[in-house]
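Chain and residue survey
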Amino acid sequence: MQTRASTSFRELCSEHGIAVTHQRQVLYEVMQGMEGHPSPEEVYARVKKKVPSISLATVYKNIHLFVESGVFRKMSVHHGSVRVEMNEHAHHHLVCSKCKSISDIGERELQLAPKRKKLAGGFLVERYAVDVIGVCAKCQQA
């Protein structure tokens, strides 16, 4: 008997042209349960508890597959490693220059100028992603 989670995962895979496998389903469910912007290494550590035979290479490969197919978005890689974007709502990021933590901040909180769809030179905007670089409260206390 299929559970609701497996049914919705199957539908998601069908919608994005991905073959359903047990490893992919566990990977997806683990990532959905993670806060913030997990790195492949963080995802691997959690998935390995549920699928001991999985390799880090398989986790990387499937994360890239999820990103390429549009299931998840990849964040900027200039923060030290690939990070996966789990939040689908319009937002930006606070990046700690010391511990490299990444937190979401809503668009309203930044009070940015209205976004334009087209920029100089005919550049067509797909989405805006602002990184606010600074020191998080935790690192300030240390």
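What to know about the overall build of the protein
- Each helix and strand counted, the protein has 6 helices and 7 strands in total.
- Starting at the N terminus and walking to the C terminus, you meet the elements of the protein as α-α-α-α-β-β-β-β-α-β-β-β-α.
- Scored against the burial criterion, the 142 residues of the protein give a buried share of 31%.
- Across the protein, every contact between residues at least 6 apart in sequence was considered, and the portion connecting residues at least 24 apart equals 45%.
- When the accessible surface of the protein is summed, it comes to about 9,500 Å², and 53% of that surface belongs to carbon and sulfur atoms.

Remarks on the nonpolar core
- Leu27, Val43, Ile63, Phe66 and Phe72 are the most contacted members of the largest nonpolar core, which totals 21 residues.
- Going through the elements one at a time, α1 (4–16), α2 (22–32), α3 (40–50) and α4 (56–69) are the ones with two or more residues in this core.
- The element that contributes the greatest number of residues to this core is α2, accounting for 5 residues.
- If near-sequence neighbours (up to four positions away) are discounted, Ile63 is found in contact with Leu27, Met31, Pro40, Val43 and Val84.

Description of the sheet that holds strand β7 (residues 131–134)
- Here 3 strands make up an open sheet; going across it, the order is β4-β3-β7 and the pairing mixed. Only two strands of the sheet have a single partner each, and these edge strands are β4 (102–106) and β7. With direction set aside, neighbouring strand axes in the sheet form an average angle of 30°.
- As paired elements, strand β3 (residues 91–96) and β4 share 5 bridges and run antiparallel to each other. Directly across from Leu94, in β4, lies its bridge partner Ser103.

Here we look at the packing of α3 against α4
- Running from amino to carboxyl end, α3 crosses α4 at an angle of 120°, the nearest separation of the two axes being 9 Å. Taken together, α3 and α4 sit at an angle that is classed as oblique. Read as a crossing pair, α3 and α4 show a hand that is right-handed. Packed against α3, whose contacting residues are Pro40, Glu41, Val43 and Tyr44, the element α4 presents Leu56, Val59, Tyr60 and Ile63 at the interface.
- Each residue belonging to the contact of α3 with α4 can be placed in one class, and the counts come to 7 nonpolar, no polar and 1 charged.

Comments concerning α3
- All of the buried residues in α3 are Pro40, Val43 and Val47. Angular distribution of buried residues about the axis of α3 spans 60°; they occupy a single face of the element.
- Check the buried side of α3 and you find it contacts α2 and α4.

As for the side chain of His37
- Along the chain, His37 turns up in the loop between α2 and α3.
- A distance of 3.4 Å separates a polar atom in the side chain of His37 from the backbone oxygen of Ile102.
- A distance of 2.7 Å separates the side chain of His37 from the side chain of Asp104, its partner in a polar contact.

Definitions and cut-offs
- Residues numbered from 1 in each chain as written.
- Predicted model: local features only at pLDDT ≥ 70, side-chain atom pairs only at ≥ 80, totals over all residues.
- Heavy atoms only, no water.
- Helix = DSSP H or I, 4+ residues; strand = E, 2+ residues; numbered from the N terminus.
- Buried < 20%, exposed > 50% of the residue type's maximum accessible area, 1.4 Å probe, protein only.
- Contact = heavy atoms within 4.5 Å.
- Areas by Shrake-Rupley, 256 points an atom, 1.4 Å probe, with all protein chains shown as cover.
- Core = buried A, V, L, I, M, F, W, Y, C linked by side-chain atoms within 4.5 Å.
- Pairing = 2+ DSSP bridges.
- Axes fitted to C-alpha atoms, helices over the stretch in contact; angles between N-to-C directions.
- Parallel < 35°, antiparallel > 145°, perpendicular 65-115°, else oblique.
- Left-handed = near helix turned anticlockwise from the far one by under 90°.
- Nonpolar A, V, L, I, M, F, W, Y, C, P; charged D, E, K, R; others polar.
- Arc of directions from axis to C-beta.
- Polar contact = N/O pair within 3.5 Å; in protein donor to acceptor, adjacent residues only side chain to side chain.

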